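Chain and residue survey
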Amino acid sequence: MGQALHHPNIGPYDENLLPLVIESAWYDVGGQNLINGLDLRIESPDITVIMGSNGAGKSILLRLIHGLLELTSGAIKWGGKATDNRLRQQQSLVFQKPVLLRRTASQNLDFVLKLPQNRRLKRGPNSSTSAQLLKMVGLHDKANQPARSLSGGEQQRLALARALATRPKVLLLDEATASLDPASISIIENIVLEQKALGVKVIFVTHDLAQAKRLADEVVFMSRGRVLEHSKATEFFLHPKTEVANAYLSGTLSVEETHQ
Amino acid sequence: MQDILQSLLLAANLVLSGDSDLFEIIGLSLRVSLSAVIYSIFLGLPLGSLIAVGNFRGRQALMIVLNALMGLPPVVVGLVVYLFLSRSGPLGWMELLYTPTAMIIAQVILITPIVAALSQEILSQLFEEYDEQFRSLNVPRWVAVRALLWDARFNLVTVGLAGFGRAVAEVGAVMIVGGNIDHLTRVMTTAIALETSKGNLALALALGLILITISLLVNAGLFLVKTRSQKQKFG
Ligand SMILES: Nc1ncnc2c1ncn2[C@@H]1O[C@H](COP(=O)(O)OP(=O)(O)OP(=O)(O)O)[C@@H](O)[C@H]1O
Ligand SMILES: [Mg+2]
């Protein structure tokens with residue numbers, strides 16, 4: 001387990017992708033402002049952890065960043081460019097609720113490996129097979145099991161393996177360890193750290209404080225569709241600047257407060 | 001009561017003795033309806049897929065029309081096909097009226113909307129589930145359609161079976177365009193109608209039993225396919 005995936009042509013600081021700049025972003029659905037004039041500039045190539053209460057807009061922000069949703073107004077730029085198909089090809093998003101094909105675990109990975117745009121990966125010197133990917137997330141003995149009959153945690157691990165199959169330069173993880181047992185969490189965290197070491201930009205949404213402390217180099221704290229804080233992890237956990245973040249960290253932030 | 005019992009015995013005798021008239025009728029029924037289903041799948045499945053994943057103007061309208069066509073009364077379809085194929089009709093020169101081909105045409109018109117609408121529903125549902133993940137992975141449209149068709153294959157088989165069930169039990173349209181001609185266009189349903197009115201209850205009952213058996217088999221097939229795919233979490 002924990003076998004490294006190599007990125008032959010990517011340096012640790014990819015000036016093509018960073019900084020990620022989000023400028024006065026608004027996203028409305030049915031008259032509701034789900035993203036509320038959000039500004040964010042991510043320059044660090046290290047791990048960015050996004051935190052915030054349920055409904056703060058974290059999942060929506062990841063979808064916007066990945067180009068799956070379009071802003072109502074404002075702009076999101078990766079290294080000066082909006083997310084198009086080519087840029088999206090270099091990013092992988094692991095959804096909060098994994099969507100798996102009605103096929104076996106290994107067929108789910110083969111589907112991605114065999115996509116026309118991913119064929120070049122297969123021919124590469126460091127290509128990974130579905131078997132290797134399954135092994136990496138500890139699912140090698142589930143290769144032939146229908147993916148949708150896997151347990152919740154197994155499905156999440158399979159979704160992560162699929163995300164790595166395209167060898168992305170950006171990895172967007174939406175509570176990817178939410179239903180995992182402690183052993184699986186540490187497998188996933190090691191994979192994430194390994195990806196960071198390989199120069200992959202990781203943006204990780206989590207509610208798990210201990211995990212955030214283990215992984216985060218910087219923290220983005222969201223509330224009601226806005227960024228309230230964006231700071232170095234050490235700083236954020238020791239001295240949160242806002243009341244809301246303080247309450248969130250100490251577990252006293254009530255749902256009513258977040259939705260006022 | 002006596003009559004029914006006697007007819008039943010005669011019917012059983014016809015089936016068990018392998019009566020050649022009986023089996024000719026059954027054979028034609030199966031041939032016509034199976035051909036109709038196959039053509040309907042060739043027409044209806046691409047149409048259903050297109051509506052499911054397509055993003056074009058008139059998509060909604062097409063869906064509404066298709067759903068309306070699902071409920072077409074067979075006798076009306078028979079009448080319209082008759083008008084087209086009759087000697088004075090626009091396609092009269094093809095001399096298809098009162099042939100098995102005419103019956104297949106009528107059934108294709110009846111079943112294609114069913115195949116298209118049902119497969120569209122199945123594929124749309126799956127597409128909605130997969131869409132965001134597919135966009136995230138930049139899955140090309142044709143690969144997406146292929147994946148949908150493959151992953152929905154068990155459910156799509158049930159569409160074919162449903163179409164066949166409807167075709168083989170249908171009487172109004174094939175009666176009008178086929179004419180129930182002995183040894184040529186006589187199928188199970190038209191024969192039942194005719195033999196009953198002639199008082200030949202034994203043959204009618206024998207055919208009725210066979211028809212019910214076929215319908216039972218089709219439904220058993222539907223059930224098996226569904227439970228199998230659900231058990232494997234593929235459905
Ligand atoms: N299509 C939609 N229509 C209306 N409201 C929506 C829609 N999608 C999301 N929302 C709302 O937007 C808000 C933010 O949703 P989002 O999924 O981004 O929250 P989150 O921060 O990821 O929360 P969680 O921690 O629970 O995952 C929620 O209140 C949600 O109900
Ligand atoms: Mg979320």
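About the criteria used
- Positions within a chain are numbered from 1, following the residues in the order the chain's sequence is written.
- Just so you know, chain letters begin at A and ligand numbers begin at 1, following the order they were written in.
- This being a predicted model, a pLDDT of at least 70 is required before a residue's local features are given, and a value of 80 or more before pairs of side-chain atoms are given or counted; all residues contribute to the totals for chains, interfaces and linings.
- Side-chain metrics in this entry use all non-hydrogen atoms of the structure; hydrogen atoms and water are not considered.
- Where helices and strands are cited, they refer to DSSP runs of H or I of at least four residues and of E of at least two residues respectively, numbered from the N terminus.
- Note on classification: 1.4 Å probe, protein chains only; a residue is buried when its accessible area is under 20% of the maximum for its type, exposed when over 50%, partly exposed between these limits.
- Two residues qualify as a contact provided that any one of their heavy atoms is within 4.5 Å of a heavy atom in the partner residue.
- Donor criterion used throughout: N, O or S atom within 2.8 Å of the metal, extended to 3.2 Å for Na, K and Ca. Water excluded; incomplete-looking sites may result.
- Only one rule defines a salt bridge in this text: a Lys or Arg side-chain nitrogen within 4 Å of an Asp or Glu carboxyl oxygen.
- Every residue is assigned a pLDDT by the predictor, reflecting its confidence on a scale from 0 to 100.
- A helix is expected to reach a length of 1.5 Å times the quantity of its residues less one.
- Pairing between two strands is assigned when DSSP locates at least 2 bridges connecting them.
- Angles here are taken between N-to-C directions and fall from 0 to 180 degrees, while the axes themselves are lines fitted to C-alpha atoms, restricted in helices to the stretch in contact.
- One heavy atom within 4 Å of a molecule or strand makes the whole residue count as near it.
- Here a polar contact is recorded for every N or O atom pair within 3.5 Å, except that within protein the pair must consist of a potential hydrogen donor and a potential acceptor, and residues adjacent in sequence are included only if both atoms are side-chain atoms.
- For the area figures, the Shrake-Rupley method with a 1.4 Å probe applies, and any residue is considered shielded solely by the protein chains shown.

1. Here's the deal with the overall build of chain B
When helices and strands are tallied, chain B shows ten helices and zero strands. Element order for chain B, N to C, with α for helix and β for strand: α-α-α-α-α-α-α-α-α-α. Seen through its C-alpha atoms, chain B measures out along the principal axes to roughly 70 × 50 × 25 Å. Per-residue burial over chain B gives 46% buried out of 235 residues. Residue pairs at least 24 apart in sequence account for 72% of intrachain contacts in chain B once pairs closer than 6 positions are excluded.

2. Quick look at the coordination of the magnesium ion (ligand 2)
Binding of the magnesium ion (ligand 2) to the protein goes through Ser59 of chain A (OG) and Gln96 of chain A (OE1), at separations of 2.0 to 2.2 Å. Of this pair, Ser59 of chain A sits in helix α1 (residues 58-65) while Gln96 of chain A is found in the loop between β5 (91-94) and α3 (105-113), placing the two residues 37 residues apart along the sequence.

3. A look at the pattern of salt bridges
All chains considered together, the criterion is met by twelve salt bridges over all chains. Here Glu189 of chain A and Arg214 of chain A are joined by a salt bridge, their closest N and O atoms 2.7 Å apart. Of this pair, Glu189 of chain A sits in helix α7 (residues 182-197) while Arg214 of chain A sits in helix α8 (residues 209-215), and the two are 25 residues apart along the sequence. For Glu189 of chain A, a relative accessible area of 7% gives the class buried. What you see here is one network of salt bridges that share partners, running through Asp182, Arg186, Glu195 and Lys198 of chain B.

4. A look at the confidence of the model for chain B
Residues and elements named next belong to chain B. With 97% of its residues at a pLDDT of at least 70, chain B reaches an overall mean of 91. Looking across chain B, the model is least confident in helix α1 (residues 2-16), with a mean pLDDT of 83, and most confident in helix α5 (residues 100-136), with 96. Taken over the whole predicted complex, pTM reads 0.87, whereas the ipTM for its chain interfaces reads 0.88.

5. Remarks on helix α7 (residues 153-169) of chain B
An α-helix turns once per 3.6 residues; consequently, residues spaced three or four apart project the same way. Over its 17 residues, α7 of chain B runs 25 Å from end to end, which matches the ideal 24 Å to within 8%, given 1.5 Å per residue. Looking only at α7 of chain B, the buried set comprises Phe154, Leu156, Thr158, Val159, Gly160, Gly163, Phe164, Ala167 and Val168 of chain B.

6. Focus on the sheet that holds strand β7 (residues 201-205) of chain A
Whether parallel or antiparallel, the strands of a sheet pair through hydrogen bonds between backbone atoms. All names here are of chain A. Strands sit in the order β5-β6-β7-β3-β8-β9 across an open sheet of six strands; the sheet is mixed. In this open sheet, the two edge strands, each paired with only one partner strand, are β5 and β9 (226-232). Neighbour-to-neighbour, the strand axes of the sheet open up by a mean angle of 15°, direction not taken into account. Direction of pairing for β5 relative to strand β6 (residues 170-174): parallel, over a ladder of four bridges. Within β6, the residue paired with Ser92 across the bridge is Leu171. Here α1 sits on the sheet and contacts β3 (48-51), β5, β6, β7 and β8 (218-223); the angle it forms with β6, its principal contact strand, is near 155°.

7. Some details on the site of ligand 1
Residue and element names in this part refer to chain A. Residues in contact with ligand 1 amount to 13 residues; listed here are only the nearest, Asn54, Gly55, Lys58, Ser59 and His207. In the model, an oxygen atom of ligand 1 is placed 3.4 Å from a nitrogen or oxygen of the Glu175 side chain. Contact with the protein chains hides 63% of the accessible area of ligand 1, taken as 640 Å² for the molecule alone. The element contributing the most residues to the shell around ligand 1 is α1, with three residues.

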